[in-house]
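# Secondary and tertiary structure notes
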Amino acid sequence: KEHSNLFVPLRESGKLYKVDEHILCSVSGVVADANFLVDYGRVHAQRHFYQQQQPIMVEQLVQHTANYKHSFTQYGGSRPFGVSLMYAGFDKVQGFNFTSLILGQLRGMEANATGKGSKNATDTLKEDYQEDCSIKEALILAIKVLGKSMDATSKPDAKRFEVGIITREGKTVVQRSVEGEELEAIIKESKVFDEEKSDIMQLFTSIIASHGVLGFW
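To keep things clear, this report deals only with the structure shown in the data block.

Looking now at the pattern of salt bridges. Here the structure, examined in full by the defined rule, presents six salt bridges. We note a salt bridge from Asp-123 to Lys-119, for which the minimum N-O separation is 3.5 Å. Note that Asp-123 and Lys-119 are positioned in helix α3 (residues 118-128) at a spacing of four residues, about one turn of the helix. Judged by its relative accessible area of 30%, Asp-123 is partly exposed. In this structure Lys-119 comes out as exposed when scored by relative accessible area, which is 61%. The salt bridge involving Glu-182 is made with Arg-176; its shortest N-O contact spans 3.1 Å. Under the relative-accessibility criterion, Arg-176 is labelled partly exposed at 40%.

With that out of the way, let us pick up helix α1 (residues 31-52). An α-helix turns once every 3.6 residues. As a result, residues three or four positions apart point the same way. For α1, built from 22 residues, the straight-helix expectation of 32 Å at 1.5 Å per residue is met to within 8% by its first-to-last C-alpha distance of 31 Å. Buried within α1 are the following residues: Asp-33, Ala-34, Leu-37, Val-38, Gly-41, Arg-42, His-44, Ala-45 and His-48. Mapping the buried residues of α1 onto a view down its axis gives an arc of 170 degrees, with all of them on the same face. Exposed positions of α1 whose direction lies more than 90 degrees from the buried face are Ala-32, Arg-47, Tyr-50 and Gln-51. Considering only its buried residues, α1 is in contact with β1 (16-20), β2 (23-29), α2 (58-71) and β3 (83-90). In the segment just after α1, Gln-53 is the residue with positive phi, at about 60 degrees.

Cut-offs applied
- Residues numbered from 1 in each chain as written.
- Predicted model: local features only at pLDDT ≥ 70, side-chain atom pairs only at ≥ 80, totals over all residues.
- Heavy atoms only, no water.
- Salt bridge = Lys/Arg side-chain N within 4 Å of Asp/Glu carboxyl O.
- Helix = DSSP H or I, 4+ residues; strand = E, 2+ residues; numbered from the N terminus.
- Buried < 20%, exposed > 50% of the residue type's maximum accessible area, 1.4 Å probe, protein only.
- Expected span 1.5 Å × (residues − 1).
- Arc of directions from axis to C-beta.
- Contact = heavy atoms within 4.5 Å.

Below you can see the structure in the form of structure tokens.
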């Protein structure tokens, strides 16, 4: 995420949102649209729990919100929501990872990326993601993917990352943020900024060599 020294963090001003006890959501796009859709999903989840006395299925919630987003593309005089949402969660069936795109398209993926630089990020995931990877290996891969999509000239800083984990321990679903020393250690182990510096030096050397040849001729 973009970070400024002038920014004052609010209760929810980042990229990660808790939709329900068993569903975590990350957003990319217009923040106001994201806030509205996350709250819309929260209300639907609580209505379902009040009526059925059990948590809503992850896919059911994601499909409901995606259908609502898509409805704004079918009539004149309204604009689509300018935000993509990625959901991760557990229910009584299994764990799920869904992506709801700007126009309401819905995808179920084992690993995915959305937002700025998502094409390169998705290509990296296709090459490096392993289905049987541990949580730590998944975190390192996520940091690599996020780091490569950032401005390579910026100073490496954990404040630029917002990382969340959702796991199931027995029958309990646990959501938590990865921050502080734990996040610093993962960033260091991923070596993503070291790789970027190497790429910049290689590019810089190529540019100098190219200009040398042009100057010679």
